[in-house]
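Structural overview for review
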2 protein chains.
Amino acid sequence: MKKDSNGVCLCPLEGIITTISKKWAMQVISALGHHNRLRFNDLMSILDGVSPKSLTDLLKELQKKGLIRREAFPEVPPKVEYFLTDDGKQLCEAIIPLIKWAEKQDDLRQEICNPTCKSTSYSSK
Amino acid sequence: MKKDSNGVCLCPLEGIITTISKKWAMQVISALGHHNRLRFNDLMSILDGVSPKSLTDLLKELQKKGLIRREAFPEVPPKVEYFLTDDGKQLCEAIIPLIKWAEKQDDLRQEICNPTCKSTSYSSK
DNA sequence: CTGTATCCCCAGAGATACTG
DNA sequence: CAGTATCTCTGGGGATACAG
């Protein structure tokens, strides 16, 4: 759909936005960025309230997009680990300006998303 | 939900993602960034296929979030113009890294979103 | 021209129970 | 432990007609 004022085509956004706007998607990305490797039930508890179906659906989506990878260990009981791909890590970097912008907006409106999130901001800022 | 590996809280993203992931949202932002000021029917034709209801819903949402502004002229027939706020313009800037990242992903997969979009890349900035 | 007012539809997300 | 298998439900989005 043409370019925007910066000479940037927005088309590529379609794909990633449909992905990252999925519920829990950014939390998964974030959690994996934070913990490096996590198992299914780890994610289940970090993403408090998510159902197994929703989580598996999401994990498959994220794998398909090449953001995370799955590693299964042939053990009993089963053990599966998920972790970010390099692309996933780069995505984390790419959204930082967006977060900064959003954070600034929130500040202006004195809206606090969540108590656990207070006092959190850019290491620098 | 804590911070990610970069020490960044993802909470602020929630709000903006729910906004920009709305259908046509980025197209509206982009169109306004490109054309500066647009009228309702201009947007209707640029966003080919959108219904008036969907468009008005979206425009209200974007106004509420402070991304665009509406100016009505007391004329007959009515005339209304929409344009980006400074925040809206800053949002355009903030998503550039994300677009660049997404564009790179698309290139790797040889996926072309749309013919009109080919040969488009970062002219300068 | 710029929108409301209705009605409809279905994909995404959740709840729950069950399996290899 | 790590998922399926079903079922349900909601609301975002679309179509269409109409109004100021």
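Below is a summary of the structure that appears in this document.

Turning next to the pattern of salt bridges. Under the criterion given, the structure shown has eight salt bridges over all chains. Residue arginine 37 of chain A is joined to glutamate 81 of chain A by a salt bridge in which the shortest nitrogen-to-oxygen separation is 2.3 Å. Pair noted here: arginine 37 of chain A is in strand E1 (residues 37–39) and glutamate 81 of chain A is in strand E3 (residues 79–84), with a separation of 44 residues, a long-range link. Residue classification places glutamate 81 of chain A among the buried residues on the basis of a relative accessible area of 13%. Lysine 79 of chain B is the salt-bridge partner of glutamate 81 of chain B, the closest N and O atoms lying 4.0 Å from each other.

Taken together, the neighbourhood of DNA strand D is formed by 22 residues, with Arg39, Lys60, Arg70 and Tyr82 of chain A together with Lys23 of chain B sitting nearest. Within 4 Å of the protein, the atoms of DNA strand D are drawn from sugar and phosphate moieties in a proportion of 69%. Of all the secondary structure elements, the ones that give two or more residues to the surface near DNA strand D are helix H3 (40–46), helix H4 (52–64) and E3 of chain A together with helix H4 (52–64) of chain B. A per-element tally of the surface near DNA strand D places H4 of chain A first, with four residues. Taken together, the residues of the surface near DNA strand D break down into nine nonpolar, five polar and eight charged.

In a beta sheet, neighbouring strands pair by backbone hydrogen bonds and run either parallel or antiparallel. Residues and elements named next belong to chain B. Read across the sheet, three strands follow the order E1-E3-E2 without closing on themselves; strand pairing throughout is antiparallel. Looking at the sheet topology across the chains shown, the edges are occupied by strand E1 (37–39) and strand E2 (68–73). Across the sheet, the axes of successive neighbouring strands diverge by a mean angle of 30 degrees, strand direction being ignored. The pairing of E1 with strand E3 (residues 79–84) spans three bridges and is classified as antiparallel. Looking across to E3, one finds that leucine 38 is bridged to tyrosine 82. Of the strands in this sheet, E1, E2 and E3 touch helix H2 (residues 25–35), which is tilted by about 95 degrees from E3.

All names here are of chain B. With 13 residues, H4 should reach 18 Å at 1.5 Å per residue; the first-to-last C-alpha distance of 18 Å fits that figure. Buried within H4 we find Leu55, Leu58, Leu59, Glu61 and Leu62. For H4, the angular spread of the buried residues around the axis is 160 degrees, confining them to a single face. Counted as exposed and oriented over 90 degrees from the buried face of H4: Lys53, Lys60 and Lys64.

Attention shifts here to the packing of aromatic side chains. With the rule as written, the count across this model stands at zero aromatic pairs over all chains. Above the face of the phenylalanine 83 of chain A ring, arginine 37 of chain A is positioned so that its terminal group lies 4.2 Å from the ring centre.

Rules used throughout
Residues numbered from 1 in each chain as written. Chains lettered and ligands numbered in written order. Predicted model: local features only at pLDDT ≥ 70, side-chain atom pairs only at ≥ 80, totals over all residues. Heavy atoms only, no water. Salt bridge = Lys/Arg side-chain N within 4 Å of Asp/Glu carboxyl O. Helix = DSSP H or I, 4+ residues; strand = E, 2+ residues; numbered from the N terminus. Buried < 20%, exposed > 50% of the residue type's maximum accessible area, 1.4 Å probe, protein only. Near = heavy atom within 4 Å. Nonpolar A, V, L, I, M, F, W, Y, C, P; charged D, E, K, R; others polar. Pairing = 2+ DSSP bridges. Axes fitted to C-alpha atoms, helices over the stretch in contact; angles between N-to-C directions. Contact = heavy atoms within 4.5 Å. Expected span 1.5 Å × (residues − 1). Arc of directions from axis to C-beta. Phe/Tyr/Trp six-rings, centres within 6.5 Å; stacked < 30°, edge-to-face > 60°. Lys NZ or Arg CZ within 6 Å of the ring centre and 35° of its normal.

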